[in-house]
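Observations on the three-dimensional arrangement
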Amino acid sequence: MPEQLRNAPTTGGSLKVALHPIQRLDRMSKRDFLRFIGIGAGCALCTRGWTSLVQNDAWAAVTHAGEDKPWRWSKEALFCVKKDGYVQCQKCPHECALAPGDVGICRSRVNYDGTVYSIAYGNPCAVHVDPIEKKPLFHFLPSTRSFSIAVAGCNLRCLNCQNWEISQASPRETQNYDLMPESVVEGALQNQCATIAYTYSEPTTFYEYAYDTATIAHRHAVRNVWKSCGYINEVPLRQLCKVIDAANIDLKSFDDKIYRELNSANLAPILDTLKVIKSEGVWLEITNLVIPSWTDDMGMIGRMADWLCANGFQDSPLHFSRFTPLYKLTQLPLTPVSTLEAARETAMKAGMRYVYIGNVPGHEAENTICPNCKSVEIERKGFTVVRNALRAGKCSKCGAKVPGVWS
Ligand code: SF4
């Protein structure tokens, strides 16, 4: 599931509320933009200043017939193979065959005169500074800020999507910023963000933009966070893992039929993604959204936890997240807290060592507990760390190592 706009403790809050500062560029003054983004004056890296990012002609350029690319915010897509009369995109398991004029399932790739372009390059529709805990990442640089961006589009069709206004739209349809990769990194630095997060919608669909941004970020000691559904092919994923430092992947269920009906995807590629990320040494956390009547079967959750343990993920934090009725599943109730607690207990019995409950602010399962001596080492309230007792990544009471990236 797209991160956080749906995980917000303001249950039921619409995207418009969550993204209230976002306005059309042509209606947003430079002063308002700077106030929203929290930009201070000046940056050692920046010679032109943030104000130059706000360009009132952002919506003027859409399609330029006769030009060499479909519009201003586009870049030739990676991982595309020319076939006889069409181009196959090999970014994700859909492997769309795109003839001239065709658009991919993700709405972010177009075949323009025989060449496939990403049209999600430098045009984020969401730009926020979030706590890293909001991704959620609980064992990765706690209490730090993450400069979070999204471009419209997704390669899944989740019935429960809480960010559907941006995930189920084309980058042409949303109200966007004009923010090239260098400027994203500037924004992260100026906002004292330790990381840049590619999140909210589905970053696989803005891969080229995220990859270029992440590469520049590393040059400035800013790390990169990938919040994704995990529906991506191995070759692009392995290349991506060279520039990302942490990932939170949604494991939406442990049943291929549910994946097909609820998400328009398949389970096996997501399991492969988890293995690849682990094998590449990227810090990994996993989120499972527990949806009443869809993904709340404890037998299935037990099988999922068994698979995770059998494949070496015992120390990967697992977040059971509370469902909020939105989009096409508004008839369902909120997930009962007792169901989330049962899921947590099931996973811990199977051997998962760090299991959290999300979207229930104040629940004790937001805390990090040492599996060895049961000491509460990190205490959280919502996305705020109120106490962190860990010492150099070890339990303050018994000295047991707590896996994570702590500094
Ligand atoms: S990234 Fe988009 S165009 Fe490429 S295969 Fe996936 S859905 Fe199709």
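Throughout what follows, the structure given in this document is the object of discussion. Predicted model, so just to flag it, every value in this text is computed and none were measured.

1. What to know about the overall build of the chain
Scanning the chain from N- to C-terminus turns up ten helices and 17 strands. For the chain, the residues scored as buried account for 58% of the 407 residues in total. As displayed, the chain has an accessible area near 15700 Å², and 51% of this comes from carbon and sulfur atoms.

2. Focus on the pattern of salt bridges
For side chains bearing opposite charge, pairing can occur when the charged atoms are close. Counted under the stated rule, the structure contains 17 salt bridges. Here lysine 75 and aspartate 212 are joined by a salt bridge, their closest N and O atoms 2.6 Å apart. Of this pair, lysine 75 sits in strand β1 (residues 75–76) while aspartate 212 sits in helix α5 (residues 207–219); the two residues are 137 residues apart in sequence, bridging distant segments of the chain. Judged by relative accessible area, which is 19%, aspartate 212 ranks as buried. When salt bridges with common partners are traced through the structure, they connect Glu234, Arg238, Lys242 and Glu280 into a single cluster.

3. Section: empty space enclosed by the protein
All told, the structure shown has seven cavities of 30 Å³ or more when counted by the stated rule. One number sums up the size of the second largest cavity: a volume of about 110 Å³. Mapped onto the domain boundaries, the lining of the second largest cavity takes at least three residues apiece from domain 1 (75–118) and domain 2 (126–388).

4. Overview of the site of the ligand
Surrounding the ligand, one finds Cys89, Lys91, Cys92, His94, Glu95, Cys96, Gly104, Ile105, Cys106, Arg109 and Asn155. A molecule is said to occupy a pocket when more than half its atoms come within 2 Å of that pocket's grid points, and by this definition the ligand occupies the second largest cavity. A class-by-class count of the residues in the shell around the ligand yields five nonpolar, three polar and three charged.

5. As for the packing of aromatic side chains
Following the criterion strictly, the structure yields eleven aromatic pairs and no others. Relative to tyrosine 209, the ring of tyrosine 121 lies with its centre 5.6 Å away and its plane at 55 degrees, an arrangement referred to as tilted. Of the two residues, tyrosine 121 is situated in the loop between β6 (115–118) and β7 (126–131) and tyrosine 209 in helix α5; the sequence distance between them amounts to 88 residues. Its relative accessible area of 0% is what places tyrosine 209 among the buried residues. Note on tryptophan 307 and phenylalanine 313: the rings are 5.7 Å apart at their centroids and 20 degrees apart in plane angle, and the pair reads as stacked. Tryptophan 307 sits in the buried class, given a relative accessible area of 17%. Given the relative accessible area of 0%, phenylalanine 313 is considered buried.

6. Quick look at the sheet that holds strand β16 (residues 376–381)
Spatial strand order, β15-β16-β17: three strands in an open sheet with antiparallel pairing. On the outer flanks of this sheet lie β15 (368–369) and β17 (384–388), each paired with one strand and no other.

7. A closer look at the nonpolar core
Counting residues in hydrophobic clusters, the biggest one holds 79 residues, and the most contacted among them are Ile196, Leu251, Leu274, Leu308 and Phe320. Setting aside residues no more than four positions away along its own chain, leucine 308 makes contact with Leu251, Leu274, Ile286, Phe313, Gln314, Leu318 and Met352. By size, the runner-up hydrophobic cluster in this structure holds eight residues, among which are Ile132, Phe140, Val225 and Ala246.

8. Some details on the packing of helix α9 (residues 298–310) against helix α10 (residues 337–350)
Running from N to C, α9 and α10 cross one another at 35 degrees; their axes reach a closest spacing of 8 Å. As α9 packs across α10, the resulting crossing turns out to be right-handed. Contacts between α9 and α10 involve Met298, Ile301, Gly302, Ala305, Asp306 and Cys309 from the first element and Thr339, Ala342, Ala343, Thr346, Ala347 and Ala350 from the second.

Cut-off values and rules
- Residues numbered from 1 in each chain as written.
- Predicted model: local features only at pLDDT ≥ 70, side-chain atom pairs only at ≥ 80, totals over all residues.
- Heavy atoms only, no water.
- Helix = DSSP H or I, 4+ residues; strand = E, 2+ residues; numbered from the N terminus.
- Buried < 20%, exposed > 50% of the residue type's maximum accessible area, 1.4 Å probe, protein only.
- Areas by Shrake-Rupley, 256 points an atom, 1.4 Å probe, with all protein chains shown as cover.
- Salt bridge = Lys/Arg side-chain N within 4 Å of Asp/Glu carboxyl O.
- 1 Å grid on protein atoms, 1.4 Å probe; cavity = no way out; pocket = protein on both sides within 12 Å on 5 of 7 lines; lining within 4 Å.
- Points joined across faces, edges and corners; volume = space filled by probe spheres on them.
- Domains from an automatic or database assignment.
- Near = heavy atom within 4 Å.
- Sits in = over half its atoms within 2 Å of the grid points.
- Nonpolar A, V, L, I, M, F, W, Y, C, P; charged D, E, K, R; others polar.
- Phe/Tyr/Trp six-rings, centres within 6.5 Å; stacked < 30°, edge-to-face > 60°.
- Pairing = 2+ DSSP bridges.
- Core = buried A, V, L, I, M, F, W, Y, C linked by side-chain atoms within 4.5 Å.
- Contact = heavy atoms within 4.5 Å.
- Axes fitted to C-alpha atoms, helices over the stretch in contact; angles between N-to-C directions.
- Left-handed = near helix turned anticlockwise from the far one by under 90°.

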